[in-house]
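# Structural description and commentary
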Amino acid sequence: MSLVTLKEVMEPKDEAFAVGAFSTYDLSSALGIVEGAEAVNLPVIAMMGAPVLNVPGNEKVAETLISLAKMSSVPVVVHLDHAKDFATCMKAIKLGFSSVMIDGSTLSLEENIAVTNKVTEAAKAVGVSVEAELGALAGIEDGEEVKAQKMTNPEHMKTFLEATDVDGLAVSIGNAHGLYKGEPNLNFELLEKLNDLSDVPLIMHGGTGLTQEQFAKGIQLGIKKINIGTEIKKTTIETFIETHGKNESAWDMIGIPKACREAISKVVADKLKFYRSGWKELV
Ligand code: 13P
């Protein structure tokens, strides 16, 4: 179908469903993600993290991802994940991304509002969606570590939303990037409160390791976009090791990447179906 914006795939706000957002790292993950969405005929968000985009030469991977989105039989959002600065957002917009995230969550509320507005003004002028973040997530994302977690403050959220014009807001309710140490513990009371106060769709980062019940409850309480990164990396590397291990002397550069791509595609297809409607069976 086409390259679409984040705003489009998350509408309407009052309908309970979520769209899966998956991290791309290379061409194989880009293909696996788009093919997974095509297999179940559902929209998908293909993300590229700012540290991945900023690796020299990876603009070509981003351009290929945008071409794959345009050729796809389903709506695909090409989204920049966790940009900390205006320049990286502009780089992505110039390349043709349909959505960017400006992550000012480690800044003061005022500074977060200022940088978000700067990005939003430029993005909206060319029809690109904007995601922001309020409250910080602990954990490692694309090699960058944040140590302290800071839950989203409802009062700050009200101020932030009144002062900005974002299409979606990532919230911190106990979720974390990377693999959870022990059982993840999410504050659904806080999520409900945030969703009642928000007129924009809420977004859940740190999807790897959450249970199906937690996804279901989150979607029921207004989560519209769920980010999955670590599970894409883990699936790829485990499939690589396992497939290579079956016949090490083959150095199988046809079969191994194909197996990785298929494994990613399956993860994506299963999650997209569950986030769209499968979750309803659990609530
Ligand atoms: P995980 O790596 O924990 O799945 O989180 C991904 C993410 O939130 C990307 O922004």
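In this report, we go over the structure that sits alongside the text. Keep in mind the model is a prediction, meaning the values are calculated, not measured.

### Quick word on the pattern of salt bridges
- Under the criterion given, the structure shown has 12 salt bridges.
- For the salt bridge of K84 with D103, the shortest nitrogen-to-oxygen distance reads 3.1 Å. Taken together, the residues span a long stretch of sequence, with K84 in the loop between β4 (75-83) and α5 (86-95) and D103 in the loop between β5 (99-102) and α6 (109-125) at a distance of 19 residues.
- For K84, a relative accessible area of 38% corresponds to the partly exposed category.
- The buried category is assigned to D103, whose relative accessible area is 4%.
- Bridged by salt links that share partners, the residues K124, D165 and D167 form one connected network.

### Overview of the side chain of H79
- With respect to the helices and strands, the residue H79 is situated in strand β4.
- We classify H79 as buried; its relative accessible area is 0%.
- A distance of 3.1 Å separates the side chain of H79 from the side chain of E131, its partner in a polar contact.

### Let's talk about the pairing of β5
- Where burial is concerned, the two faces of β5 agree: the one with S99 and M101 and the one with V100 and I102 are both buried.
- Of the strand pairs in this sheet, β4 and β5 are connected by three bridges, and their pairing is parallel. In the strand pairing of β5, A83 is matched with I102.
- Regarding topology, α5 serves as the crossover connection from β4 to the parallel β5, and that connection is right-handed.
- In this fold, β5 hands off to α6, which returns the chain to strand β6 (residues 129-134); that crossover is right-handed.

### Some points on unusual backbone geometry
- Omega for the bond connecting E11 with P12 falls within 30 degrees of zero, at -5°, which places this linkage in the cis form.
- Relative to the helices and strands, P12 resides in the loop between α1 (6-10) and β2 (19-24).
- The backbone of N41 sits at a positive phi, close to 55°, despite the residue not being glycine.
- Checked against the element boundaries, N41 lands in the loop between α2 (27-40) and β3 (44-49).
- Of note in this structure, W251 is not a glycine but carries a positive phi near 40°.

Each value, and the rule that gives it
- Starting afresh in each chain, residues are numbered from 1 along the sequence in its written order.
- Note on the predicted model: pLDDT of at least 70 is required for a residue's local features to be given, and 80 or more for side-chain atom pairs to be given and counted; whole-chain, interface and lining totals, by contrast, use all residues.
- Values shown for side chains rest on all heavy atoms present in the structure; no hydrogens or waters enter the calculation.
- Each salt bridge in this description consists of a side-chain nitrogen of Lys or Arg and a carboxyl oxygen of Asp or Glu lying within 4 Å of one another.
- Elements are defined by DSSP. Helices are runs of H or I of four residues or more, strands are runs of E of two residues or more, and each kind is numbered from the N terminus.
- Burial here depends on accessible area, computed with a 1.4 Å probe over protein chains only, as a share of the maximum for the residue type. Under 20% is buried, over 50% is exposed, and the range in between is partly exposed.
- Polar contact criterion, stated in full: a pair of N or O atoms within 3.5 Å, where within protein one must be able to donate a hydrogen and the other to accept it, and residues adjacent in sequence count only if both atoms are side-chain atoms.
- When DSSP finds two or more bridges between a pair of strands, those strands are recorded as paired.
- When the strands point away from the viewer, a crossover counts as right-handed if the route from the first strand across the helix to the second turns clockwise.

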